Protein chains: 2
Amino acid sequence: MKKVTAFAPATVANVSCGFDILGFAVEEMGDKVTVSLADEPGVRVVRIEGDGGRLPYEVDKNTCGVALKAFLAAIDYKGGLEVELYKGLPLGSGMGSSAASSVAALEAANQLLGNPLDKKALLPFAMKAEGVACGAEHADNVAPSLLGGFVLIRSYHPLDVTKLHVPKGLYCALVHPHLELNTADSRSVLRQQVPLKDAITQSGNIAGLVAGLYQEDMGLISRSLQDVIAEPSRSVLIPGFDEIKSAIKEVGALGVGISGSGPTTFILAPSREVAERASEICQEVFDKIGLEVDLYVSAVNTKGTYVINKA
Amino acid sequence: MKKVTAFAPATVANVSCGFDILGFAVEEMGDKVTVSLADEPGVRVVRIEGDGGRLPYEVDKNTCGVALKAFLAAIDYKGGLEVELYKGLPLGSGMGSSAASSVAALEAANQLLGNPLDKKALLPFAMKAEGVACGAEHADNVAPSLLGGFVLIRSYHPLDVTKLHVPKGLYCALVHPHLELNTADSRSVLRQQVPLKDAITQSGNIAGLVAGLYQEDMGLISRSLQDVIAEPSRSVLIPGFDEIKSAIKEVGALGVGISGSGPTTFILAPSREVAERASEICQEVFDKIGLEVDLYVSAVNTKGTYVINKA
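Residues numbered from 1 in each chain as written. Chains lettered and ligands numbered in written order. Predicted model: local features only at pLDDT ≥ 70, side-chain atom pairs only at ≥ 80, totals over all residues. Heavy atoms only, no water.

### Some remarks on the overall build of chain A
Then step 1. Counting secondary structure elements, chain A contains 10 helices and 12 strands.
Then step 2. The C-alpha atoms of chain A give 19 Å as radius of gyration, which agrees with the globular expectation for 311 residues (19 Å, within 12%).
Then step 3. Overall size of chain A, expressed as C-alpha extent along the three principal axes, is 60 × 40 × 35 Å.
Then step 4. Evaluated residue by residue, chain A yields a buried proportion of 60% over its 311 residues.
Then step 5. Expressed as a percentage of contacts within chain A between residues at least 6 apart in sequence, the contacts between residues at least 24 apart total 73%.
Then step 6. When the accessible area of chain A is evaluated, it comes to approximately 11,600 Å², of which 50% is carbon and sulfur surface.
Then step 7. Taking the average place of the 28 positive charges on the side chains of chain A and the average place of its 36 negative ones, the gap between the two points comes to 5 Å. (Helix = DSSP H or I, 4+ residues; strand = E, 2+ residues; numbered from the N terminus. Rg over C-alpha atoms; globule rule 2.2 N^0.38 Å. Buried < 20%, exposed > 50% of the residue type's maximum accessible area, 1.4 Å probe, protein only. Contact = heavy atoms within 4.5 Å. Areas by Shrake-Rupley, 256 points an atom, 1.4 Å probe, with all protein chains shown as cover. Lys, Arg positive; Asp, Glu negative; His and termini not counted. Charge placed at Lys NZ, Arg CZ, Asp CG, Glu CD.)

Written as structure tokens, this is what we have:
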């Protein structure tokens, strides 16, 4: 085996009441990375497609490169690897684009080198790449992209990551309006102090969401999908958010939230049909606003990244 | 059938990171209430034992009386009931004493009158009694005493109560030092604004605790039992708390927290043996402080209140 190609899914971080602690993976969109053995030692990025020329080839600035260098150092591998990155996800959209690239690269390289580490052990290397891409070593995109399903990041120090149960039939729609949102702005609108009663409400909602996932109780999931901490100040930056929020409930969707720090909005639904109807409603809302939008409907991915080709 | 006696268990509210939203029921301690048919219409409290003469017989001040009056009004029952209350729980201890009384009274009366309501529908009447006993219609003692197990109160408006899964082998120890704690003091020490990072930590911990219960993952439960919101300011009111907290981990207990608003401390453990060893350690701590203490070791009750006698 000289070459492995892996897929890693798009992800939604900050799942409403799961602000800063919860993410989930999406089945049908993601990035592909091919990693090949090379004679020359070290990691080289040799091809990037689908990024409109915006991503760096320089290995210490490319998330695939950063992740792989850390991985190779950890397993003490002295050989060489070449990386080809095929972007399926838009950059800076809040759909975990940088995470999908580094996770796919790690999965491909780990398989290529005979699985020296198990999947969960790859997480710190992907987090390191997030540090380069986003300025902070967040796990809420890389962990679900790697492991699949809903992933709880209970704590960073020490790192404590748990994969939660995913109910059958859970679908999502992602709504990506064509506008750039500055992550720094999105962070700066957050209050640094929250009222005690809001902290308690948020606790109740995240507890309800987790219980709803395990009990496969769509009603409880729906009632729990309320973020009283980040959404009130962040949603004003996202055109159409309030209209979508009220409209999608009428077609039976479970709830809506900001994906990552936006501008993508995610919708959870109890079936593909409902997710599709919700997606159509979003199209109408954005048509009225006059803003172009990409819409995706997908099951929740439960297996995380996986190999699609070995040669 | 003219007379029914029901038992309702002690409960722990404010389960560490589940501050204000989570409670659980204890198997082996509780109150008993006998409700009998009477000729004269209305509710009368005719006997109270085990309270040291401190509880009122007046029906609008007694939690059994308040709960039953509300229940009878709801089912439009015009007959009479007599109530005998046998307190098994100390008053004002933070073990859900008032809740156990009203819940046992409701269960006995509901069974006596042929089960006009299902168990969950009794909750609002017990909450009304809590309003009289504690000044606020909290559900975090009455809901677990009624339903058993760990109960999440996600929201009060509207009331949204969910019974969570309880892992096999989960035991608790309750440590009740002989001192009175003023609930108003205990409430007033709480900050009304919480740092954003603490709110996020609390969210992560309650999500981890709920996931740990469903996954029967004692390690995750243990790591999640950390309250960064109420405990830091409240625990200073409870002598011995910090000593207990560090000592019980060494014998394999999962964690410790303040039961309700104290002064009782609860300990969760993965077996009866560990709960008993933890309880012995608490005895030593309080011997050193020179404060008398009652110790209880029990399984977590999973069925809530139940009838023990019909005649």
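So much for the structure itself; the text now carries on.
### Topic: the UniProt feature "domain: GHMP kinase C-terminal" (unreviewed entry) in chain A
Then step 1. What UniProt calls "domain: GHMP kinase C-terminal" (unreviewed entry) maps, in this numbering, to residues 210-287 of chain A.
Then step 2. Across residues 210-287 of chain A, the secondary structure splits into 55% helix and 12% strand, with the terminal C-alpha atoms separated by 35 Å. (UniProt positions renumbered as here; feature names shortened; annotations may be inferred.)

### Focus: the packing of helix α1 (residues 63-75) of chain A against helix α3 (residues 123-134) of chain A
Residue and element names in this part refer to chain A.
Then step 1. One way to put it is that α1 packs onto α3 with a least axis distance of 8 Å and a crossing angle of 145°. The hand of the α1/α3 crossing is right-handed. On the side of α1, the interface is formed by T63, V66, A67, A70, F71 and A74, while α3 contributes F125, K128, A129, V132 and A133.
Then step 2. Among the residues making up the contact of α1 with α3, the classes are represented as nine nonpolar, one polar and one charged. (Axes fitted to C-alpha atoms, helices over the stretch in contact; angles between N-to-C directions. Left-handed = near helix turned anticlockwise from the far one by under 90°. Nonpolar A, V, L, I, M, F, W, Y, C, P; charged D, E, K, R; others polar.)

### Description of the UniProt feature "domain: GHMP kinase N-terminal" (unreviewed entry) in chain A
Then step 1. In the numbering used here, UniProt assigns the feature "domain: GHMP kinase N-terminal" (unreviewed entry) to residues 67-149 of chain A.
Then step 2. The distance from the first to the last C-alpha atom of residues 67-149 of chain A is 22 Å, and the span holds 52% helix and 8% strand.

### Some words on the relation of the copies chain A and chain B
Then step 1. Superposition record for chain A on chain B: RMSD 0.0 Å, screw rotation 180°, translation along axis 0.0 Å. Look at the turn and shift together and you get a two-fold axis relating the two.
Then step 2. The fraction of interface residues of chain A whose copies in chain B are also interface residues reaches 100%, indicating that both copies meet through the same surface. (Least-squares fit on C-alpha atoms with pLDDT ≥ 70 in both.)

### Some details on the sheet that holds strand β7 (residues 171-177) of chain B
Pairing between the strands of a sheet is mediated by backbone hydrogen bonds and can be parallel or antiparallel.
Residues and elements named next belong to chain B.
Then step 1. Reading across the sheet, the four strands line up as β9-β10-β7-β11 and stay open at both edges, with antiparallel pairing between neighbours. Two strands in the sheet have a free side with no partner beyond their single neighbour: β9 (255-258) and β11 (293-299). Geometrically, the sheet is characterised by an average inter-axis angle of 20° between neighbouring strands, direction not taken into account.
Then step 2. Looking at chain direction, β7 and strand β10 (residues 265-269) are connected through five bridges and run antiparallel. Bridging across to β10, A173 finds its partner in I267.
Then step 3. Here helix α9 (residues 241-250) sits on the sheet in contact with β7, β9 and β10, set at roughly 160° to β9.
Then step 4. Running over the sheet, helix α10 (residues 272-289) touches β7, β10 and β11 and is turned about 170° from β11. (Pairing = 2+ DSSP bridges.)

### What about the pattern of salt bridges?
Then step 1. In total, this model carries 28 salt bridges over all chains according to the counting rule given.
Then step 2. One salt bridge connects D76 of chain A with K78 of chain A, and the closest N-O pair in it is separated by 2.9 Å. When sorted by exposure, D76 of chain A lands in the same class as K78 of chain A, which is exposed.
Then step 3. E276 of chain B is the partner of R272 of chain B in a salt bridge, and the nearest nitrogen-oxygen pair spans 3.8 Å. In this pair, R272 of chain B and E276 of chain B both sit in helix α10, four residues apart, roughly one turn of the helix.
Then step 4. Judged by relative accessible area, E276 of chain B falls into the partly exposed class, the value being 34%.
Then step 5. One continuous salt-bridge network, built from bridges that share partners, spans E28, R272 and E276 of chain A. (Salt bridge = Lys/Arg side-chain N within 4 Å of Asp/Glu carboxyl O.)

### A closer look at the sheet that holds strand β9 (residues 255-258) of chain A
All names here are of chain A.
Then step 1. Spatially, the four strands line up as an open sheet ordered β9-β10-β7-β11, and their pairing is antiparallel. Only two strands of the sheet have a single neighbouring strand rather than two, namely β9 and β11 (293-299). Each neighbouring strand pair of the sheet contributes to a mean axis angle of 20°, computed without reference to strand direction.
Then step 2. One ladder, built from seven bridges, connects strand β7 (residues 171-177) with β11; its direction is antiparallel.

### Thoughts on the domain arrangement of chain A
Residues and elements named next belong to chain A.
Then step 1. The domain boundaries assigned to chain A delineate domain 1 (3-164 + 301-310) and domain 2 (171-299).
Then step 2. Distance between the C-alpha centres of domain 1 and domain 2: 24 Å.
Then step 3. With 27 residues of domain 1 at the interface, the matching set in domain 2 holds 34 residues.
Then step 4. Area buried by domain 1 at its contact with domain 2 is led by S16, C17 and F19, which between them contribute 26% of it.
Then step 5. For the pair domain 1 and domain 2, the number of links is one salt bridge.
Then step 6. Ionic pairing is found between R272 and E28, a salt bridge with its closest N-O pair at 2.9 Å.
Then step 7. For the pair domain 1 and domain 2, the interface holds 11 residue pairs in polar contact (both at pLDDT 80 or more). (Domains from an automatic or database assignment. Buried area = accessible area lost by both parts, 1.4 Å probe. Polar contact = N/O pair within 3.5 Å; in protein donor to acceptor, adjacent residues only side chain to side chain.)

### As for α3 of chain A
Residues spaced three or four apart along an α-helix point in a common direction, a consequence of the helix completing one turn every 3.6 residues.
Residue and element names in this part refer to chain A.
Then step 1. Spanning 12 residues, α3 covers 16 Å between terminal C-alpha atoms, matching the ideal 16 Å at 1.5 Å per step.
Then step 2. Considered for burial, the residues of α3 that qualify are L123, F125, A126, M127, A129 and E130.
Then step 3. On its buried face, α3 sits against α1, α2 (97-112), α4 (142-147), β5 (150-156) and β6 (159-163).
Then step 4. Remark: G135 follows α3 within two positions and exhibits a positive phi of approximately 85°. (Expected span 1.5 Å × (residues − 1).)

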